[in-house]
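Letter by letter, the chains look like this.
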Amino acid sequence: MTPRLLTLLIFAIASLTATFGALAQPGRAVPSFEGWTVDCGNTGICFASSFTRAQSVWVDVRIIRDWQAEAQPLIRVTTNTELLQDGTLRFEVDGNTIEALPIEQLREMQPSVNAPEGFRPLGGEGFWYPTGPATSTLLSAMQSGQELTVHLPGANGTGPVAVPVSLQGLKASLLWLDNRQDRTGTVAAIVAPGDEPAKDAPHALPLMSPDQLPPEVAAVWAANRLCSEIEPTIFASLNAVRVPLPDDASLYIIPCGAPTAYNSPYVAVLSGKDGGARQIHVSRMSEKGPVASDLIYNARWIPADQQLVSYFKGSGVGECGVWNRWSWNGTLVLLEEATRKTCDGTAPDLSNWSSTWPVSGGPN
């Protein structure tokens, strides 16, 4: 394709965003409901989490659900404190003990829990809560309660620690998960189940190794020297996915080279049922107008919206850089771009970044 034709194509793609501008668009930051934060991964796995600190001890309580119709909610508890092997982890809701779990028994049952593919555990001492009826009982109590207290057996003579976790906002968070995974009104909904049968949530399939790439996609990926040299262990940790599309086509979102201190580059490759594959370039805005880019930084795929987000961080804090959002429409159409040029160490707030597409005024 000639440079002139490419420029015309980019302008055409950019002009399509006017159509999408009238649509309701998700915010640039992940939602939160009082003390609970919600989010979804590239595969469509979603979670609600609450991070609570009591003095020097913190606890992260996370409710996780994969995309498969039959997937049940899982509870993951992580803390920064070492737990006594002969101690007990106790859960209370509004002062009523729901479960007391011996640490030794809890550790023994961990291999029996099938963690969702693509799940990335939080650093610290992490445990899966017993699955099945035990999880259902705790979730039910949490939804109707005001406060969950996690009693940790302290190590090194520190004594037990009680960490209170507010349950305000939990129900709204779980409703968000149900809606995001298209479970509301089905028998699989957590908050308000209905009579509709369970179904798979919008999803993509995890890629843990370059060996999972079909030959035609691998050839496109390997044509870029940096992409093909990525270490397999690094590749497995970067949430690469294959997005199933109509007519047996697939969109691959693949890491391209080892991550730097703040940013991981990715490429998008489209594979058709005819066995062909080609790299998808994305449109971005520059001071001189639209430009095409072959790299997508810190790529996040949003299965529910068929959208791709890029967040290039200008610093480790992430308070400056470039943020993009594209929609899949047979290609990746630019919906939104925002930038902040000032790297001053302040807390990131993407909602206040200047929009470079659609064009708007405002401070930068």
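Above this text is the structure in question.
Now for a look at the structure at hand. (Residues numbered from 1 in each chain as written. Predicted model: local features only at pLDDT ≥ 70, side-chain atom pairs only at ≥ 80, totals over all residues. Heavy atoms only, no water.)

Moving on, we get to helix α5 (residues 215-222). Of the residues making up α5, those classed as buried are Val217, Val220 and Trp221. An end-on view of α5 places all buried positions within 100° of arc, on one side of the element. (Buried < 20%, exposed > 50% of the residue type's maximum accessible area, 1.4 Å probe, protein only. Helix = DSSP H or I, 4+ residues; strand = E, 2+ residues; numbered from the N terminus. Arc of directions from axis to C-beta.)

It is worth spelling out unusual backbone geometry at this point. For the bond from Trp357 to Pro358, the omega torsion is -15°, close enough to zero to count as cis. Checked against the element boundaries, Pro358 lands in the segment after β23 (354-357). Although it is not a glycine, Asp247 sits at a positive phi angle of roughly 60°. Take Asp247: it is sitting in the loop between β12 (240-244) and β13 (250-255). Judged by its relative accessible area of 60%, Asp247 falls in the exposed class. The backbone of Gln306 sits at a positive phi, close to 55°, despite the residue not being glycine. When you line up the elements, Gln306 lands in the loop between β19 (300-302) and β20 (307-313).

Turning our attention to the pattern of salt bridges. The tally for this structure, following the rule as stated, stands at 10 salt bridges. Among the ionic pairs, Arg90 bridges to Glu92, the shortest N-O distance being 2.3 Å. With a relative accessible area of 27%, Arg90 lands in the partly exposed category. One connected set of salt bridges, linked through shared partners, spans Arg28, Arg325 and Glu336. (Salt bridge = Lys/Arg side-chain N within 4 Å of Asp/Glu carboxyl O.)

This part is about the packing of aromatic side chains. A full pass over the atoms with the stated rule returns six aromatic pairs. With a centroid separation of 5.1 Å and 90° between ring planes, the pair formed by Phe91 and Tyr129 is classed as edge-to-face. Separated by 38 residues along the polypeptide, Phe91 in strand β6 (residues 88-93) and Tyr129 in the loop between β8 (125-128) and α3 (133-144) bring together distant segments of the chain. Judged by relative accessible area, Phe91 falls into the buried class, the value being 1%. Given a relative accessible area of 3%, Tyr129 falls into the buried group. The ring of Phe47 has Arg62 lying over it, and the distance from NZ or CZ to the ring centre is 4.6 Å. Its end group placed over the ring of Trp128, Arg76 keeps NZ or CZ at 4.9 Å from the ring centre. (Phe/Tyr/Trp six-rings, centres within 6.5 Å; stacked < 30°, edge-to-face > 60°. Lys NZ or Arg CZ within 6 Å of the ring centre and 35° of its normal.)

Treat this as a map of the structure, not an account of what it does.
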